[in-house]
Amino acid sequence: METWWSSSSTPRALLHRASILFFSIFIVPHLVLSDSSSEYVRSPPRSIIFTQHERSTTQPQQVHISLVGKEHMRVSWVTEDKKAPSIVEYGTQPGKYEASATGDLLRYEYFFYFSDEIHHVVIGPLKPSTTYYYRCSGVGPEFSFRSPPTKLPIEFVVVGDLGQTEWTNSTLEHVQQKDYDVFLLPGDLSYADTEQPLWDSFGRQVEPLASQRPWMTTTGNHEVETYLFDYPRPFKSYNARWLMPYNESGSTSNLYYSFDVAETHIIMLGSYTDYKVGSDQYNWLVSDLAKIDRNQTPWIFVLNHVPWYNSNEGHKGEGESMRKAMEELLYNARVDVVFAGHVHAYERFTRVYNNTANSCGPIYITIGDGGNREGLAMTYEHPAPSISMFREPSFGHGRLNVINRTTAHWSWHRNNETDAVVSDEVLIKSLSSAASCIPNGLGHDEL
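How each quantity is defined
- Residues numbered from 1 in each chain as written.
- Predicted model: local features only at pLDDT ≥ 70, side-chain atom pairs only at ≥ 80, totals over all residues.
- Heavy atoms only, no water.
- 1 Å grid on protein atoms, 1.4 Å probe; cavity = no way out; pocket = protein on both sides within 12 Å on 5 of 7 lines; lining within 4 Å.
- Points joined across faces, edges and corners; volume = space filled by probe spheres on them.
- Helix = DSSP H or I, 4+ residues; strand = E, 2+ residues; numbered from the N terminus.
- Nonpolar A, V, L, I, M, F, W, Y, C, P; charged D, E, K, R; others polar.
- Pairing = 2+ DSSP bridges.
- Axes fitted to C-alpha atoms, helices over the stretch in contact; angles between N-to-C directions.
- Buried < 20%, exposed > 50% of the residue type's maximum accessible area, 1.4 Å probe, protein only.
- Right-handed = clockwise from strand over helix to strand, strands pointing away.
- Salt bridge = Lys/Arg side-chain N within 4 Å of Asp/Glu carboxyl O.
- Contact = heavy atoms within 4.5 Å.
- Polar contact = N/O pair within 3.5 Å; in protein donor to acceptor, adjacent residues only side chain to side chain.

Draft legend 1. Quick peek at empty space enclosed by the protein. Tallied over the full model, the rule gives 3 cavities of 30 Å³ or more. Here the largest cavity defines a volume of roughly 70 Å³. Around the largest cavity, the lining residues are Gln62, His64, Ser76, Trp77, Val78, Ile118, Trp199, Phe202, Gly203, Arg241 and Trp242. Secondary structure elements with two or more residues in the lining of the largest cavity: strand E1 (61-68), strand E2 (72-79) and helix H3 (197-210). Split by residue class, the lining of the largest cavity holds 6 nonpolar, 4 polar and 1 charged. Its volume calculated, the second largest cavity comes out at about 40 Å³. The wall of the second largest cavity is formed by Ile48, Gln164, Thr165, Ser190, Tyr191, Leu198 and Arg373. Of the residues belonging to the lining of the second largest cavity, the class tally is 3 nonpolar, 3 polar and 1 charged.

Put into structure tokens, the structure is as follows:
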């Protein structure tokens with residue numbers, strides 16, 4: 001790994017590092033991150049990894065893909081070459097591109113940082129469960145991905161608060177040990193915190209995985225990146241780089257959206273976007289939930305950043321206002337599982353509604369343990385509340401294997417050096433198959 005001020009660094013790399021140093025000294029101490037400090041002990045973090053751009057300046061980097069509807073995929077990448085076209089060539093055989101598509105090009109600036117060219121191209125229609133080979137901007141390496149299935153089973157990887165540390169690499173290495181279909185990330189991606197070159201580094205670090213399977217993300221406090229009067233509008237970097245299918249789900253914001261894949265409906269909420277009753281996000285959620293037909297879509301999963309249920313001393317109570325605003329909507333819709341990050345530990349709750357065990361409420365899972373630079377949240381309240389089924393302050397990742405219309409298997413894999421150890425697992429029955437939990441009007445037809 002190259003040292004911070006290596007003599008072999010290019011002038012552009014040195015400029016990026018100077019930018020990081022500037023932000024660290026002058027900007028970060030004054031950030032508005034919508035986060036409150038908590039007094040709890042964290043285990044020692046591992047070193048931050050700055051991933052270099054090792055290809056030529058004309059070749060694409062930071063390649064990642066995301067779902068757009070049921071038959072399309074968005075390919076996103078960055079080029080230093082300002083003349084590089086926003087085109088993706090693709091096909092089902094290596095080196096043979098039967099189709100191509102063009103898209104959008106954008107860039108942004110943040111203080112003294114000027115982004116490279118950011119490309120977004122939607123390709124398709126695609127066949128389900130099919131491997132596609134593709135090339136970006138007509139040059140550079142060939143990438144490949146497998147489109148997800150349209151029918152169950154399907155397997156999701158769920159990782160929160162990923163960051164870019166040695167722990168991050170450990171988590172991603174463990175994820176790669178077993179195949180999956182879609183990667184879900186409930187906020188806190190790069191931990192750039194206005195240090196814009198770290199967004200580039202993060203894109204390079206996750207490219208080996210994010211270019212092969214769709215990554216569906218929502219925002220955390222480390223994506224906010226507001227700064228007093230200069231940049232009062234949040235999420236500038238995130239919205240430019242990680243474009244999600246919000247238009248396709250009737251949302252007006254990239255910060256909250258939904259998508260369907262293989263008989264599941266996934267809702268991504270924004271913890272740092274107005275969620276009060278009557279807000280745009282609230283009204284969109286009401287509309288989105290009303291469209292779901294549980295005959296066609298037996299599973300509903302929700303992701304947001306700040307947990308509504310949390311027995312860890314870290315960030316305790318921060319999700320309460322959002323819970324009070326939206327929990328009843330999720331309960332009435334019979335959402336199956338709600339995933340969150342933010343707290344740097346793992347915790348699984350039983351089915352809950354209004355702070356009480358309820359067999360028709362969602363299971364709540366906190367999984368903010370992907371590899372962030374801040375370390376783990378080590379301190380829990382004691383004794384554990386009766387609704388908390390399992391909790392552990394370790395780094396790791398989760399897997400949600402939706403087996404069929406009635407049964408899913410959840411497992412949490414603790415990072416344990418070279419192996420990912422299964423430390424918690426549970427079989428989940430879909431609420432759409434529980435006769436006692438089906439209220440009148442749930443879905444478009446009687447279940």
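Draft legend 2. Just the sheet that holds E2, in detail. Taken in spatial order, the 4 strands line up as E1-E2-E8-E5 in an open sheet, and their pairing is antiparallel. Lying at the two open borders of the sheet, with one neighbouring strand each, are E1 and strand E5 (104-106). The mean inter-strand angle of the sheet, taken between neighbouring strand axes irrespective of direction, is 20 degrees. The pairing of E2 with strand E8 (residues 117-123) spans 7 bridges and is classified as antiparallel. Following the sheet pairing, Arg74 is matched in E8 by Val122.

Draft legend 3. The pairing of strand E12 (residues 182-186), seen in detail. When you tally the buried positions in E12, you get 5 out of 5 residues, the bulk of the element. Residues of E12 alternate between two faces, with Val182, Leu184 and Pro186 on one and Phe183 and Leu185 on the opposite face, all of them buried. For strand E11 (residues 154-158) and E12, the ladder comprises 3 bridges, and the chain directions are parallel. Counted as the bridge partner of Val158 is Leu184 from E12. For the handedness criterion, the β-α-β arrangement of E11, helix H2 (residues 166-176) and E12 is classed as right-handed. Across 4 bridges, E12 lies against strand E13 (residues 215-218) in parallel orientation. Bridged to Leu184 within E13 is Met216. Of the crossover connections in this fold, the one passing from E12 over H3 to the parallel E13 is right-handed.

Draft legend 4. How the structure looks around the pattern of salt bridges. Per the stated rule, a full pass over the model turns up 19 salt bridges. The shortest N-O distance in the salt bridge between Arg241 and Asp200 comes to 3.1 Å. With Arg241 in helix H4 (residues 236-241) and Asp200 in helix H3, the pair connects residues that are 41 residues apart, well separated along the chain. With respect to burial, Arg241 and Asp200 carry one shared label: buried. Salt-bridge contacts for Arg323 lead to Glu320; the nearest nitrogen and oxygen are separated by 2.6 Å. A residue pair is termed a helical-turn pair when its members lie 3 or 4 positions apart in one helix, as Arg323 and Glu320 do in helix H6 (residues 320-332) at 3 residues. Residues joined by salt bridges that share partners form a network here, namely Arg146, Asp179, Asp181 and Arg213.

Draft legend 5. Highlighting unusual backbone geometry. A cis geometry characterises the amide bond from Leu152 onward to Pro153, with omega recorded as 10 degrees. Here Pro153 is to be found in the loop between strand E10 (143-146) and E11. Look at the link from His382 to Pro383: it is a cis peptide, with omega at -5 degrees. Non-glycine residue Asp161 carries a positive phi angle of around 50 degrees. If you trace the backbone, Asp161 turns up in the loop between E11 and H2. Positive phi values are uncommon outside glycine, yet Asp188 reaches one of about 65 degrees.

Draft legend 6. Here's a closer look at the environment of Thr130. Looking at where Thr130 falls in the secondary structure, it is placed in the loop between E8 and strand E9 (131-136). Look at Thr130 and you get buried, because its relative accessible area is 18%. Taking the C-alpha atoms as reference, Thr130 lies 7.6 Å from Thr92; in sequence the two are 38 residues apart. Residues within four places of Thr130 in sequence aside, it is in contact with Thr92, Phe145, Arg146 and Ser147. Among the polar contacts listed, one links the side chain of Thr130 to the backbone oxygen of Pro128, at a separation of 2.8 Å.

Draft legend 7. Spatial organisation of the layout of surface pockets. Estimated volume of the largest pocket: approximately 620 Å³. Of all elements in the fold, only E2, strand E14 (257-261) and strand E15 (264-268) reach the threshold of two or more residues within the lining of the largest pocket. Top contributing element to the lining of the largest pocket by residue count: E14, with 4 residues. In terms of residue class, the lining of the largest pocket is made up of 11 nonpolar, 11 polar and 11 charged.

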